[in-house]
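# A structural walkthrough
Each chain, written out:
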Amino acid sequence: KAFYTHYWEFGDSTFSNLTNPSHIFQAGNYIVELEIISDIGCVDTIVQEITVMPLPVIEVIGNDIDCLGDSTQLFATILGDTSMINFYWENSPSLSCTNCLNPVASPLENTIYTFVTYSDFGCETIFEIEIEAGVYEIPTIVLNNDTTICINEQVQLIADAGNNIATYQWNNIPGLSCYDCPNPIATPLTSSTYEVTVVSMDGCTNSEIVQVNVLNQNQPFASEDRVICLGDSIQLSANLGTNPVWSNPSTLSCSGCLTPMASPEENTEYTVEVTTLDGCIIFDTIIIWVISPEEISAGE
């Protein structure tokens, strides 16, 4: 049986005398040469060019979670040329997306997330990152219900998140008696949304909002402006509220009823004030335009 000697040159200044060697190449182009010598000195040589494509280079970072049910954002970075690189996160129901670089992770237990990148040449890089789920409870906030108040009135906001709370902080909207207390008094001039953020002793955070609506004093609830002839009368009406009070009572059939008759002798503005079911006083205005015969002319 003939005996052969194998001599490999891998093109990167490394060599092997094995018959079937394994070799790890870096990215680049290489000329690989195999020379075989028989035991009687016969020689044959074969040369092959090998192109080694680079693997995608990636980096993934993310922070562990301290609070139960909380979330954290993962940040995946593809280094270098990304023109021929594809990527995905292995399917996980606790990720906000699997085809984006920076998904939000909401694990209920310690979870390993896998980020996969692959080039158009089929070269693949996989990165795994483990996120530890939280162990501390997120505080539950109980707020009073949304409410409606009259202008210049006050309402007390009540936030209760239990005993394990380090701080309360309300958003910086004018009209609160305090901003770092659980139960401030609100005196808004316009309808406002108040948000309270609480931080527990364990550092867990939660926020809730409450709406305080301020009833607009000027509302369209009376009849529309009208035009009448001098000497005519017209009925006014207020279709909302109770305890009406009309201005210019001398030209009205009554100043304390919802539907008085008006008999103005000149253009007159009537303002009506009523009380709503919430006890707020609101206003509306009606203008009656009076046309007299002297205002009509056929010319010289």
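Before reading further, recall that the structure is shown in the block above.
By convention here, each chain's residues receive numbers from 1 onward along its written sequence. Side-chain atom pairs in this predicted model are given and counted only at pLDDT of 80 or more, local residue features only at pLDDT of at least 70, and totals for whole chains, interfaces and linings cover all residues. Side-chain calculation: all heavy atoms of the structure are included, whereas hydrogens and water are not.

Another aspect to go through is the state of the cysteines. Cysteine sulfur atoms that come within 2.5 Å of each other are treated as a disulfide pair. Scanning all chains against the criterion turns up five disulfides. A sulfur-sulfur distance of 2.0 Å marks the disulfide that ties C67 to C204. Between C67 and C204 the sulfur-sulfur dihedral comes to about -100 degrees; the bridge is accordingly left-handed. Of the two residues, C67 is situated in the loop between β5 (57-61) and β6 (72-73) and C204 in the loop between β18 (192-200) and β19 (205-214); the sequence distance between them amounts to 137 residues. C204 matches C67 in its accessibility class, with the two residues each being buried. Each disulfide pairs two cysteine sulfurs, and for C150 the partner residue is C280, the sulfurs being separated by 1.6 Å. Judged by the sign of its S-S torsion, about -90 degrees, the bond between C150 and C280 is left-handed. Taken as a pair, C150 in the loop between β13 (147-149) and β14 (155-156) and C280 in the loop between β24 (268-275) and β25 (281-291) lie far apart in primary sequence, 130 residues in all. The two residues C150 and C280 agree in class, both being buried. Assigning the bonded cysteines of the protein chain consecutive numbers by sequence position, one obtains the connectivity 1-7, 2-3, 4-10, 5-6, 8-9. Secondary structure elements are taken from DSSP: a helix is a run of H or I of four residues or more, a strand is a run of E of two residues or more, and numbering for both begins at the N terminus. Note on classification: 1.4 Å probe, protein chains only; a residue is buried when its accessible area is under 20% of the maximum for its type, exposed when over 50%, partly exposed between these limits.

The subject of this paragraph is the sheet that holds strand β16 (residues 165-170). Ordered in space as β13-β19-β18-β16, the four strands form an open sheet in which the pairing is mixed. With partners counted over all chains shown, the strands left at the sheet margins are β13 and β16, one partner each. Strand-to-strand twist of the sheet, defined as the mean angle between neighbouring strand axes without regard to direction, takes the value 25 degrees. Any two strands with at least two DSSP-identified bridges between them are counted as paired. With three bridges connecting them, β13 and β19 associate as parallel partners. In the strand pairing of β19, I149 is matched with V214. Between N-to-C directions, angles cover 0 to 180 degrees, with each direction set by a line fitted to C-alpha atoms, over the stretch in contact for helices.

Attention shifts here to a negative patch on the surface. Together, D64, D66, D70, E130 and E132 give the surface a local cluster of negative charge. In this structure D66 comes out as exposed when scored by relative accessible area, which is 51%. Surface patches are drawn from residues lacking salt bridges whose relative accessible area is over 30%; two like charges belong together within 9 Å, two nonpolar side chains (Val, Leu, Ile, Met, Phe, Trp, Tyr) within 5 Å. Only the protein chains shown count as covering a residue, and every accessible area follows the Shrake-Rupley method with a 1.4 Å probe. We count a salt bridge whenever a side-chain nitrogen from Lys or Arg sits within 4 Å of a carboxyl oxygen from Asp or Glu. When charges are counted, neither His nor the chain ends are considered; positive counts come from Lys and Arg and negative counts from Asp and Glu. By convention, the point assigned to a charge is CZ for Arg, NZ for Lys, CD for Glu and CG for Asp.

One open sheet accounts for four strands, arranged β2-β1-β3-β4; its pairing is antiparallel. The sheet terminates laterally at β2 (15-16) and β4 (43-52), the two strands that pair on one side only. Pairing of strand β1 (residues 4-9) with β2 involves two bridges; the strand directions are antiparallel. Paired with E9 across the bridge in β2 is F15.

This brings us to the packing of aromatic side chains. A pair of aromatic rings is counted whenever rings of Phe, Tyr or Trp (Trp by its six-membered ring) have centres within 6.5 Å, and the orientation is called stacked for planes under 30 degrees apart, edge-to-face for over 60 and tilted otherwise. Under the definition given, this model contains seven aromatic pairs. Note on F87 and F115: the rings are 5.8 Å apart at their centroids and 40 degrees apart in plane angle, and the pair reads as tilted. Taken together, the residues span a long stretch of sequence, with F87 in strand β8 (residues 85-89) and F115 in strand β10 (residues 111-119) at a distance of 28 residues. F87 sits in the partly exposed class, given a relative accessible area of 27%. Of the residues examined, F115 reaches a relative accessible area of 0% and is grouped as buried. Members of the aromatic cluster, each reached through a chain of ring pairs, are W8, F10, F25 and Y30.

Let us look at unusual backbone geometry. In this model, N243 sits at a positive phi of 55 degrees, which is unusual for a non-glycine residue. Position of N243 among the secondary structure elements: in strand β22 (residues 242-246). Of note in this structure, N248 is not a glycine but carries a positive phi near 50 degrees. Inspection of the secondary structure assignment puts N248 in the loop between β22 and β23 (261-262).

In the sheet, β1 pairs with strand β3 (residues 28-38) via six bridges, with the strands oriented antiparallel. Each residue of the ladder has a partner; that of E9, found in β3, is E33. The hairpin formed by β1 and β2 contains five residues between the paired strands, and G11 there has a positive phi angle of roughly 85 degrees.

Everything listed here is a matter of coordinates, which is why it stays silent on function.
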